[in-house]
Amino acid sequence: MATSQTPPTPQEEKEELSHGCKELLSSLPTTNSWQHRLYQYQGFWYSEGFLLGTIACQRHFQAHDNDLLLATIPKAGTTWLKALAFAIMNRGCYPYPQHPLLSNNPHKLVPFLEMDYYTNKQTPDLECIGSPRFFSTHAPYTSLPQSIKDSNCRIIYLCRNPRDVFISLWHFSNKMRPETQSPISLEDAFDLFCAGISWRGPFWDHVLGYWKASLKSSEKVMFLNYENLKREPLVLLKRLAEFIGCPFTTEEDREGVLHDILRLCSFENLSNLDVNKTGKTHMGKDQYKFENTHFFRRGEVGDSSNYLTTQMIERLDRITEEKLKCYGLTFPISI
Ligand code: PAP
């Protein structure tokens, strides 16, 4: 245990954190669904690593007014949003052939607050990141550190229709499963998703938290959706840059900078890069290793209709309508 005079070593921090959290973890509802142990914390489901990181963030993260946070539920388009925001913020910094997005997976360039910085750590060195600081999170709005809510830190939330999120998640989960386990069936996964049991589910509560926050403070929380980003990329890219605080100039527009960014961040371009075909992304200091290729599957709107039955679609749409319509939230998707 560290004393007040000496800063804790990484090992001491890890032990202190896991000791403090062990009791909490054992008191939480758990399930072994989706081939992983999930814990329910403050109404949402987490794997252990993300949960411990989220709790450490809640306890220790201090937001700055000029921080920028990208928030998503898994499979809503996190990788794409990270690429776009990184390209907007760093435009003009690199000659094209040396652009970091050509040799790094977007997750490496915009790390997760709760996974990459706060896993096994209570006091990561966030000052070395530079300014403005730029993070991502899968945490629901309700579980964000209080200092994020109290500061002027800006949040960009990207959501996606639940049918495509579910199908994307189902594919990803089966790719990620331990070799010893058989794939989870579409039907079983679907029942779990509808019951709210999925990574950072219930899906609808996750979306609603950020939707309400964006209605309350639109200057602080920007709410986007994947489908509109696909349909009107130029319009939304401009809005993104304005919200981030670095709008495109008329000259940049004339020179085709916006089109260059969209091309750079497109599914076709990113998914064909060597780094994303063969590379791996480590999160949580090797706790999780992801093949980069698993972050790129189809990248389309409506692919779920190739998998879901009419009954499944009706069931999912009914839940979505019941939970979200009264808040004025619908998804621009018709299949
Ligand atoms: P994460 O939350 O685990 O990081 P995330 O990036 O949100 O994953 O989800 C991956 C989905 O985004 C995949 O969707 P699909 O399964 O329906 O195909 C992936 O193909 C899609 N995706 C990744 N990069 C892009 C991109 N540049 N443009 C559009 N979609 C993308």
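For the structure, see preceding data.
The structure reproduced in this document is the subject of the present report. Worth saying up front: this structure is predicted, and the values here are computed from it rather than measured.

## Quick look at the sheet that holds strand S4 (residues 68–72)
At step 1: As summarised here, the arrangement of the four strands in space is S5-S4-S6-S7, forming an open sheet in which the pairing is parallel. Looking at strand neighbours, the two that pair on one side only are strand S5 (134–137) and strand S7 (221–225), the edges of this open sheet. On average, each strand axis in the sheet is tilted by 20° relative to the strand beside it, whichever way the strands run.
At step 2: Sheet topology note: the S4/S5 ladder contains four bridges and is parallel. In the strand pairing of S5, Leu-70 is matched with Ser-136.

## A few points about the pairing of strand S2 (residues 38–41)
At step 1: Pairing geometry for strand S1 (residues 30–31) and S2, over two bridges, is antiparallel. When the sheet's bridge partners are listed, Thr-30 is paired in S2 with Tyr-39.
At step 2: With antiparallel pairing between neighbouring strands as the criterion, S1 and S2 make up a hairpin whose turn holds six residues, including Trp-34 at a positive phi of roughly 55°.
At step 3: In this sheet, strand S3 (residues 44–46) lies alongside S2 in antiparallel orientation, the contact comprising three bridges. Directly across from Tyr-41, in S3, lies its bridge partner Phe-44.

## Notes on helix H3 (residues 78–89)
At step 1: Helix length check: H3 (twelve residues) gives 16 Å between terminal C-alpha atoms against 16 Å at 1.5 Å per residue, within 8%.
At step 2: Burial analysis of H3 places eleven of its twelve residues in the buried class, which makes it a mostly covered element.
At step 3: Inspection of H3 places Thr-78, Thr-79, Trp-80, Leu-81, Lys-82, Ala-83, Leu-84, Ala-85, Phe-86, Ala-87 and Ile-88 among the buried residues, and these make up the whole buried set.

## Some thoughts on unusual backbone geometry
At step 1: Look at the link from Gly-201 to Pro-202: it is a cis peptide, with omega at 5°.
At step 2: Here Pro-202 shows up in the loop between helix H9 (186–194) and helix H10 (203–216).
At step 3: Backbone geometry at Gln-42 places phi at a positive 50°, although glycine is not the residue there.
At step 4: By secondary structure assignment, the location of Gln-42 is in the loop between S2 and S3.
At step 5: A residue is classified by how much of its surface remains accessible, and Gln-42, at 41% relative accessible area, is partly exposed.
At step 6: Phi angles above zero are rare outside glycine, and Arg-200 is one such case at about 65°.

## Considering the site of the ligand
At step 1: Of all residues adjacent to the ligand, which total 21 residues, the nearest are Lys-75, Thr-78, Thr-79, Ser-168 and Arg-298.
At step 2: The contact in question runs from a nitrogen atom of the ligand to an N or O atom on the side chain of Tyr-226, over 2.7 Å.
At step 3: Gly-299 has a polar backbone atom sitting 2.7 Å from an oxygen atom of the ligand.
At step 4: When atoms are counted within 2 Å of each cavity's grid points, the one that captures over half of the ligand is the largest pocket.
At step 5: Listing elements by their share of the shell around the ligand, those giving two or more residues are H3 and helix H15 (267–271).
At step 6: With three residues, the single largest contributor to the shell around the ligand is H3.
At step 7: Tallied by class, residues from the shell around the ligand come to nine nonpolar, eight polar and four charged.

## Re the pattern of salt bridges
At step 1: One pass over the structure, following the stated rule, counts ten salt bridges.
At step 2: A salt bridge links Asp-260 to Arg-263, with the nearest nitrogen and oxygen atoms 2.8 Å apart. One end of the pair is Asp-260 and the other is Arg-263, both in helix H14 (residues 257–264) and three residues apart, which spans about a single turn.
At step 3: By relative accessible area, Arg-263 is classed as exposed at 53%.
At step 4: A salt bridge links Lys-325 to Glu-321, with the shortest nitrogen-to-oxygen separation between them at 3.9 Å.
At step 5: With a relative accessible area of 48%, Glu-321 lands in the partly exposed category.
At step 6: Among the ionic contacts, a cluster of salt bridges with common partners joins Arg-297, Arg-298, Glu-300 and Asp-303.

## A few points about the packing of aromatic side chains
At step 1: Applying the stated rule across the entire model yields 21 aromatic pairs.
At step 2: Between Trp-80 and Tyr-226, the aromatic rings sit 5.3 Å apart at their centres with planes inclined by 75°, giving edge-to-face as the arrangement. A residue pair is termed long-range when its members are at least 10 positions apart, and Trp-80 in helix H3 and Tyr-226 in helix H11 (residues 226–231) qualify at 146 residues. In this pair, the class of Trp-80 matches that of Tyr-226, namely buried.
At step 3: Joined through ring pairs, the aromatic side chains of Trp-34, Phe-166, Phe-190, Phe-193, Trp-199, Phe-203, Trp-204 and Phe-331 make up one cluster.
At step 4: Over the aromatic face of Phe-112 sits the side chain of Lys-82, whose NZ or CZ is 3.6 Å from the ring centroid.
At step 5: Directly above the ring of Tyr-141 sits Lys-149, whose terminal nitrogen or CZ lies 5.0 Å from the centroid.

Calculation criteria
- Residues numbered from 1 in each chain as written.
- Predicted model: local features only at pLDDT ≥ 70, side-chain atom pairs only at ≥ 80, totals over all residues.
- Heavy atoms only, no water.
- Pairing = 2+ DSSP bridges.
- Helix = DSSP H or I, 4+ residues; strand = E, 2+ residues; numbered from the N terminus.
- Axes fitted to C-alpha atoms, helices over the stretch in contact; angles between N-to-C directions.
- Expected span 1.5 Å × (residues − 1).
- Buried < 20%, exposed > 50% of the residue type's maximum accessible area, 1.4 Å probe, protein only.
- Near = heavy atom within 4 Å.
- Polar contact = N/O pair within 3.5 Å; in protein donor to acceptor, adjacent residues only side chain to side chain.
- 1 Å grid on protein atoms, 1.4 Å probe; cavity = no way out; pocket = protein on both sides within 12 Å on 5 of 7 lines; lining within 4 Å.
- Sits in = over half its atoms within 2 Å of the grid points.
- Nonpolar A, V, L, I, M, F, W, Y, C, P; charged D, E, K, R; others polar.
- Salt bridge = Lys/Arg side-chain N within 4 Å of Asp/Glu carboxyl O.
- Phe/Tyr/Trp six-rings, centres within 6.5 Å; stacked < 30°, edge-to-face > 60°.
- Lys NZ or Arg CZ within 6 Å of the ring centre and 35° of its normal.

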